Amino acid sequence: MLHLGRYRKFLAVLVTLVVLVTLMSVTARERETVLLVEKAVIEALAPVQAWFGGLTVGIRGTVADLEAIRHLREENETLRARADAYDTTVHRLKELEIENERLRTLLGFTQAVEYQYVVADVVSRNADNWFSRITINRGSSDGIAKNMPVVTSQGLVGRISEVSANISVVQLLTDRASGTGTLVQASRDGGIASGQGSQSPLLSMMFFERTAEVAPEDAVVTSGFGEIFPPGLFVGRVVDISKDSYGLLKYARIKPGVDFGRLEEVLVITNATVGVGGP
Amino acid sequence: MNTLSEWLNRLSSRHAVLGFWIVGGLLFQTAVFPHLAVFGLKPDVLMVVVVCWALLYGPAEGFVAGLAAGLVQDLTFGQYIGLFALAKTLVGFGVGVVAGKIFRETIWVPTAAVGVAVFAHEFVVWVCLRALHVPAPAVNIITVGLPVAVYSTLLAPLVYRQIFVHYIGERAKEKDLTGGANQAAGRR
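Residues numbered from 1 in each chain as written. Chains lettered and ligands numbered in written order. Predicted model: local features only at pLDDT ≥ 70, side-chain atom pairs only at ≥ 80, totals over all residues.

Draft legend 1. Layout of the overall build of chain B. Each helix and strand in chain B was counted, giving seven helices and zero strands. When its helices and strands are written in sequence order, chain B yields α-α-α-α-α-α-α. When each of the 188 residues of chain B is scored for burial, the buried share is 51%. (Helix = DSSP H or I, 4+ residues; strand = E, 2+ residues; numbered from the N terminus. Buried ≥ 20, exposed ≤ 12 C-beta atoms within 10 Å, placed from the backbone.)

Set out below in structure tokens:
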């Protein structure tokens, strides 16, 4: 008994570690439900996190505003010129839209789906440096469900990975456990774009074909093959292309359209076709 | 600084103080430091708290601090519940075991200990990720582990000083109580 008492501490540590390893391997699988205790912790911390985050964003914004004032006049002139150019483009696009409509009717195509969005604020980010996830202030009570795509005007952000009543967790494209079915918009060559963790802002796209036609600055969009993301959502642009050491696989590094470091508001698409299981 | 320590000293339970540090650390880590990230990396505030706590209070408290901080972190964002709890518990306990053998009164030793412990924590996380088949190349031990350890080290003096003041206050209270009891026994 004396010996057991001496090693009791180490025994307690060992038992706890075994329990934690078991818990980790069980929860590592894609889960359809969130544990009650997870929901409670997320919901309890979210309002304070939102306040803290808002304060930091406010301070950072004020500093940035002071810096921006110096460049405002110059920027204003550039924007006016650009707005004039956009007016011309809008007229041209309207013409093309009418023409597109007419040709669709002629060929018997169905109308493209119009997405329905729920606007959400970013509340906080994950605490570690290995994954890339954010929490948003919308949950199942707002019609949010697991695997719904999340976007901004700059492009695809990620997918909903966990949902509680008022808060959801979004797995970003840059998360190392994320993989998105994508294709090069011009050549239609497909592949999988994966994240590389929070320290790398670039995605790595592995092509299905080593003969894929791709060039720097090519636009990359979702392919729609993965059952989670609808086709045609802008992902980013190709930075450079490489092959593996055996020359069998072709890779491209993609710069996402979204600046993940400055995400404050996102849109959740609530009427995209959603499948079961992670990307 | 001292006002915060005085306020913390007034809290009755030691673990209420630990809870305050863990929740506060988590809030800073998830809502403030992402905006102050350097090359996309932020310090591990929770690990700094765990190491400082383990250095002062020993292995059992290091274990409790690591387990509590890790579980809270896992529950807020985790798909892999237990991942950070495992890493933080192991390192917290380990730091507590070696704490008795190092000189804790100077600020430099705990600061260096935080650097080494955070790196060890990132290494354990990397090993677990590999075991879970999450893509994490070996180079990430250096590209993630080293910068996070250095960044976290910068916070160590601030956190350690506050926890140290609380620890000294707690010890003084214990001495007062023991002294009072001895005096009463003497009078009898």
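Draft legend 2. Fine view of the sheet that holds strand E1 (residues 117-125) of chain A. Residues and elements named next belong to chain A. Strand order in the closed barrel formed by six strands is E1-E2-E5-E4-E3-E12, and the pairing between neighbours is antiparallel. Each neighbouring strand pair of the sheet contributes to a mean axis angle of 45°, computed without reference to strand direction. As judged from the four bridges shared by strand E2 (residues 133-136) and strand E5 (residues 168-172), these two strands associate in the antiparallel manner. Residue pairing in the sheet places Arg-133 in a bridge with Gln-171 of E5. Along the sheet, helix H3 (residues 36-69) makes contact with E1 and E2, crossing E1 at roughly 85°. (Pairing = 2+ DSSP bridges. Axes fitted to C-alpha atoms, helices over the stretch in contact; angles between N-to-C directions. Contact = placed C-beta atoms within 7 Å.)

Draft legend 3. Up close: H3(A). For H3(A), spanning 34 residues, the distance from its first C-alpha to its last is 48 Å, which sits close to the expected 50 Å at 1.5 Å a residue. At A:Ala46, H3(A) shows its maximal kink, close to 40°; a proline, A:Pro47, follows between one and four residues later. Listed in full, the buried residues belonging to H3(A) are A:Glu38, A:Lys39, A:Val41, A:Ile42, A:Leu45, A:Ala46, A:Gln49 and A:Gly53. Buried residues along H3(A) sit against E1 and E2 of chain A together with helix H2 (14-32) and helix H4 (59-77) of chain B. (Expected span 1.5 Å × (residues − 1). Bend = angle between axes of the 7 residues up to and from the residue.)

Draft legend 4. Molecular detail of the pairing of E1(A). Residue and element names in this part refer to chain A. Bridge count between E1 and strand E12 (residues 265-269): five bridges; the pairing is antiparallel. Its bridge partner lying in E12, Asp-121 is registered against Glu-265. Direction of pairing for E1 relative to E2: antiparallel, over a ladder of three bridges. The residue of E2 that forms the bridge with Arg-125 is Ile-134.

Draft legend 5. Expanded view of the sheet that holds strand E11 (residues 250-256) of chain A. Strand order in the closed barrel formed by six strands is E6-E7-E8-E11-E10-E9 (chain A), and the pairing between neighbours is antiparallel. Across the sheet, the mean angle separating the axes of adjacent strands is 40° when strand polarity is ignored.

Draft legend 6. Inspection of the nonpolar core at higher detail. Membership of the largest hydrophobic core comes to 115 residues, with the highest contact counts inside it found for A:Val157, B:Val48, B:Val49, B:Val51 and B:Cys52. If you tally residues by element for this core, the top one is helix H3 (residues 45-57) of chain B, at twelve residues. Of the residues that make up this core, three or more belong to each of domain 1 (36-107) and domain 2 (116-274) of chain A. Setting aside its immediate chain neighbours within four residues, B:Val51 contacts B:Val95, B:Ala113, B:Val114 and B:Ala117. (Core = buried A, V, L, I, M, F, W, Y, C linked by C-beta atoms within 7 Å. Domains from an automatic or database assignment.)

Draft legend 7. Summary view of the interface of chain A and chain B. The partner chain B presents 44 residues to the 40 residues of chain A that form the contact. Among the secondary structure elements, those contributing two or more residues to the side of chain A that touches chain B are helix H2 (8-27), H3 and E1 of chain A. Looking at the side of chain A that touches chain B, the element that brings in the most residues is H3(A), giving twelve residues. Among the residues making up the side of chain A that touches chain B, the classes are represented as 19 nonpolar, 14 polar and seven charged. (Nonpolar A, V, L, I, M, F, W, Y, C, P; charged D, E, K, R; others polar.)

Draft legend 8. Representation of unusual backbone geometry in the model. All names here are of chain A. Unlike most non-glycine residues, Asn-147 shows phi in positive territory, near 75°. Note on placement: Asn-147 falls in the loop between E2 and strand E3 (149-152). Notably, Arg-188 is not glycine yet its phi reads approximately 65°, a positive angle. Take Arg-188: it is sitting in the loop between strand E6 (179-184) and strand E7 (190-194).

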